[in-house]
Amino acid sequence: MNVLVFAPHPDDEVLGCGGMLARLTRDGSTATVIYLTSGDAGSLEGAPGALAEIREGEARQGAAVLGISDLIFLRNPDGYLEYSRDNLVNLVRLIRGKRPGLVLAPHAGEIHPDHRVTNELVMEAIRRAGGAWFPECGNTPWPVPQVLCYEIFTPLTQVSYVEDITDRMDLKLSSLREHASQLGSIAYDEAIAGLNRFRGVTTGRGRFCECFQVMVTTQVGRL
């Protein structure tokens, strides 16, 4: 299965669905991560351009830990992500070109504005990609069969799919720790371990779990 992951910033995909991605690649799926921004506003140290280069390098290292090598950086300005024609066209082209069996994106209730805009862009791009419209985005429609939304900073209030990542939690944290520029001032690794442990306890599905909102599924049982 081809998997397409949309991340507002480098490290968001690890935080939200790193455990699931580790399983999917282990089991033979091919994953592509599309970063809407390069996280150039993610620190007060150094120039934004330099930080973007650092964070893209960290993203490659972190993704490699999860068995992912196909990364695409759209390089929108961090903190100013816009719901725009150009972004929509790019996302529809990617969906039609990659023909994913599963799309992963942040959920609509995330507190960070870039996360929310990413959700809006992805949901609309999925709708457009499946229809017989917008020839500038490619001439072959692709209806995405499965769409899951993941949680990063804001826990989901409604959970419809739970992934037990107990046997991959250490791998997920190893991937996250490749994003060293982000862990110096904020212990994101401790935060996500706490969230995943909380999800494990409250769902009863494992010691550590990732939770998702199912938006579209026409292939029940494929996950």
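Description of the structure in this document. Everything numeric here is computed off the predicted structure, so don't read it as measured data.

Focus on the sheet that holds strand S3 (residues 70-76)
Within the open sheet, the seven strands sit side by side as S3-S2-S1-S4-S5-S7-S6. Their pairing is mixed. The open sheet has two free edges, formed respectively by S3 and strand S6 (161-164), since each of these has just one partner strand. With strand direction ignored, the average angle separating the axes of adjacent strands in the sheet is 25°. Examined bridge by bridge, S6 and strand S7 (residues 209-217) share four bridges and lie antiparallel to one another. Along S7, the bridge assignment pairs aspartate 164 with cysteine 209.

Comments concerning the layout of surface pockets
Where empty space is left in the structure can be found by rolling a water-sized probe over the atoms. Approximately 210 Å³ is the volume attributed to the largest pocket. For the largest pocket, the lining is made up of 14 residues, of which Gly42, Arg55, His112, Gln182 and Tyr188 are closest to its centre.

A closer look at the pairing of strand S4 (residues 102-106)
Across the five residues that make up S4, a large majority, five, are buried. A two-sided burial pattern is seen for S4, the buried positions comprising Leu102, Leu104 and Pro106 on one face and Val103 and Ala105 on the other. As paired strands, strand S1 (residues 2-7) and S4 are joined by three bridges and run parallel to one another. Of the residues in S4, the one forming a bridge with leucine 4 is valine 103. The pairing of S4 with strand S5 (residues 146-150) spans four bridges and is classified as parallel. Directly across from leucine 104, in S5, lies its bridge partner leucine 148. Handedness of the β-α-β unit built from S4, helix H4 (residues 113-129) and S5 comes out right-handed.

Here we look at the pattern of salt bridges
A pair can form between side chains of opposite charge whenever their charged atoms are brought close. Inspection of every chain in the model, using the stated rule, returns 16 salt bridges. Among the salt bridges present, the one from aspartate 167 reaches arginine 26, with a minimum N-O distance of 3.7 Å. Here aspartate 167, found in the loop between S6 and helix H5 (169-176), pairs with arginine 26, found in helix H1 (residues 12-26); they are 141 residues apart in sequence, far enough to count as distant. One salt bridge connects aspartate 167 with arginine 168, and the closest N-O pair in it is separated by 2.8 Å. Each of Arg23, Arg26, Asp27, Glu163, Asp167 and Arg168 takes part in salt bridges that share partners, so that together they form one network.

Some words on the side chain of arginine 96
Along the chain, the position of arginine 96 falls in helix H3 (residues 85-98). For the buried arginine 96, no salt bridge exists, and the shortest N-O distance to an oppositely charged side chain is 7.0 Å, to glutamate 136. In this structure the side chain of arginine 96 is engaged in a polar contact, spanning 3.2 Å, whose partner is the backbone oxygen of phenylalanine 134. Not counting residues within four places of it along the chain, the set of residues in contact with arginine 96 comprises Arg128, Ala129, Gly131, Trp133, Phe134, Cys137, Gly138, Thr140, Pro141 and Trp142.

Reading the values: rules and limits
Residues numbered from 1 in each chain as written. Predicted model: local features only at pLDDT ≥ 70, side-chain atom pairs only at ≥ 80, totals over all residues. Heavy atoms only, no water. Pairing = 2+ DSSP bridges. Helix = DSSP H or I, 4+ residues; strand = E, 2+ residues; numbered from the N terminus. Axes fitted to C-alpha atoms, helices over the stretch in contact; angles between N-to-C directions. 1 Å grid on protein atoms, 1.4 Å probe; cavity = no way out; pocket = protein on both sides within 12 Å on 5 of 7 lines; lining within 4 Å. Points joined across faces, edges and corners; volume = space filled by probe spheres on them. Buried < 20%, exposed > 50% of the residue type's maximum accessible area, 1.4 Å probe, protein only. Right-handed = clockwise from strand over helix to strand, strands pointing away. Salt bridge = Lys/Arg side-chain N within 4 Å of Asp/Glu carboxyl O. Lys, Arg positive; Asp, Glu negative; His and termini not counted. Polar contact = N/O pair within 3.5 Å; in protein donor to acceptor, adjacent residues only side chain to side chain. Contact = heavy atoms within 4.5 Å.

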